[in-house]
Amino acid sequence: MSIAETVSTDPTLAGPYQLVQQFYARQMRLLDDGRAEEWAETFTSDGVFNANAFPQPVVGRAAIAAAARAAVDDYARRGIQRRHWLGMLSVRPGDGEELLVGSYALVVETPRGGTPEIRSSSICDDVLVHEYGTWRVKDRQIRRDDIRPGA
Amino acid sequence: MSIAETVSTDPTLAGPYQLVQQFYARQMRLLDDGRAEEWAETFTSDGVFNANAFPQPVVGRAAIAAAARAAVDDYARRGIQRRHWLGMLSVRPGDGEELLVGSYALVVETPRGGTPEIRSSSICDDVLVHEYGTWRVKDRQIRRDDIRPGA
Amino acid sequence: MSIAETVSTDPTLAGPYQLVQQFYARQMRLLDDGRAEEWAETFTSDGVFNANAFPQPVVGRAAIAAAARAAVDDYARRGIQRRHWLGMLSVRPGDGEELLVGSYALVVETPRGGTPEIRSSSICDDVLVHEYGTWRVKDRQIRRDDIRPGA
């Protein structure tokens, strides 16, 4: 990949860029607000959510919703507010109208009456598709920075 | 609220989005630079600044400036540099030309010769109005994540 | 500087804003991925990289690449993943087609098997120029928040 491709300033991507930022803002807010099922609707019905911290990928919106519901309820029980920050977005065109979005992700956790801490730092690689006037995640791959092959 | 509304990709909001990002960048920089009075000018003259950490709302630009000045001087005295990060912005149209902006906010504090720490994680809900070629905050509601109703 | 200049919403800057965001995303990813030489190509051949933590400015792409390579190799040896977050961007036109970009920068470090920590909080002041269809950094000034003149 040439440097021009790597840090291209292709203006045709200027439009989608802030739409994708806003999509992530709303998507993460749903999860952090405990609205697990609505959050899962931001994935396609056959969407894949994988992470290097998972034993295996979570496949399909129903399974994604169930996994998110379990996590959300657990955090609520422990009185911890999560905040998912996605930033440093890099948007590239994929197949057809798909968008390939790479980003950095921080999870900040604040216990009730306590101090915020960064729980994890990750890379998030998404394939976004356009459905019914909104974006949906078709494939999400999360790689947490603390989980890496040994030296 | 339907999922389409929740994660809408309405392109008419694409223009304002980065303007609002830039507005926050400059607004927060003023505060973090200790320019409390100029920061207060980014509120309307009858602006409201409320937070779940406050005993009561601060109302009007003069009161907002005075409160910011006291905080800024206190941080300077203690040799602590604050940085307000606003991100994960969600922009929606409000009444007339108003914009409703929800965001995540982190306050990172660095003591002279010390290590940065996240002091607070919050939700920021703003009503922005357009005045004299710039945005101003008409109403700001801050909810710190550590201050929440008990389980 | 008037408040209007300080928090201007000049729509002619709306276009470049997200391009600059994307530029930083890709630039920082190169560095965090250990691709020091490609990262250095995002500076002009006579680019300057200065920081209040440096004994003297690093001048020229070759010297910038060498300094980055040394740092990147050191982090790899110690099993630490760095993530550079640039945010709160303020973009102003400079001389000719130059852009002056002020931003906040956090460096988040995660050791293998460990917990993420914010290593530094800084101000980043860049002069960007347009070359061969991409942006390049002509001058970068980093001021870390922990290094400041005494009270």
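Described below are features of the structure shown in this document.

Basis of the calculations
- Residues numbered from 1 in each chain as written.
- Chains lettered and ligands numbered in written order.
- Predicted model: local features only at pLDDT ≥ 70, side-chain atom pairs only at ≥ 80, totals over all residues.
- Least-squares fit on C-alpha atoms with pLDDT ≥ 70 in both.
- Contact = placed C-beta atoms within 7 Å.
- Helix = DSSP H or I, 4+ residues; strand = E, 2+ residues; numbered from the N terminus.
- Expected span 1.5 Å × (residues − 1).
- Buried ≥ 20, exposed ≤ 12 C-beta atoms within 10 Å, placed from the backbone.
- Arc of directions from axis to C-beta.
- Pairing = 2+ DSSP bridges.
- Axes fitted to C-alpha atoms, helices over the stretch in contact; angles between N-to-C directions.

**Some words on the relation of the copies chain A and chain C**
Then comes step 1: Relative to chain C, chain A is turned by 120° and slid 0.0 Å along the rotation axis, the superposed coordinates differing by an RMSD of 0.0 Å. Taken together, the rotation angle and the small translation identify this as a three-fold axis. For chain A, the residue whose C-alpha comes nearest the rotation axis is A:Gln18, separated from it by 4.0 Å.
Then comes step 2: Interface overlap between copies: only 8% of the residues of chain A at the interface are likewise at the interface in chain C, consistent with a contact formed by different surfaces.

**What to know about helix α4 (residues 61-77) of chain B**
Residue and element names in this part refer to chain B.
Then comes step 1: Here α4 is 17 residues long and its end C-alpha atoms lie 24 Å apart, about the 24 Å a rise of 1.5 Å per residue gives.
Then comes step 2: For α4, every residue scored as buried is listed here: Arg61, Ile64 and Ala68. The buried residues of α4 occupy an angular sector of 60° when projected down its axis, which confines them to one face. Across from the buried face of α4, at angles greater than 90 degrees, the exposed residues are Ala62, Ala70, Asp73, Asp74 and Arg77.
Then comes step 3: Where α4 ends, the next residue or the one after it, glycine 79, has phi of about 70°, a positive value.

**Some details on the sheet that holds strand β1 (residues 43-51) of chain B**
Residue and element names in this part refer to chain B.
Then comes step 1: Strands sit in the order β2-β1-β6-β5-β4-β3 across an open sheet of six strands; the sheet is mixed. Looking at strand neighbours, the two that pair on one side only are β2 (58-59) and β3 (80-93), the edges of this open sheet.
Then comes step 2: Helix-sheet contacts for α4 involve β1, β2 and β3, and the interaxial angle to β1 is about 55°.

**Let's talk about unusual backbone geometry**
Then comes step 1: Within the chain, B:Tyr132 stands out as a residue other than glycine whose phi angle is a positive 50°.
Then comes step 2: Within the element layout of this structure, B:Tyr132 appears in the loop between β5 (117-131) and β6 (134-144).
Then comes step 3: Judged by local crowding, B:Tyr132 falls into the exposed class, with 8 C-beta atoms found within 10 Å.
Then comes step 4: At C:Met88, a residue that is not glycine, the phi angle is positive and equals roughly 55°.
Then comes step 5: In this fold, C:Met88 is placed in strand β3 (residues 80-93).
Then comes step 6: The class for C:Met88 is buried, based on 25 C-beta atoms found within 10 Å.

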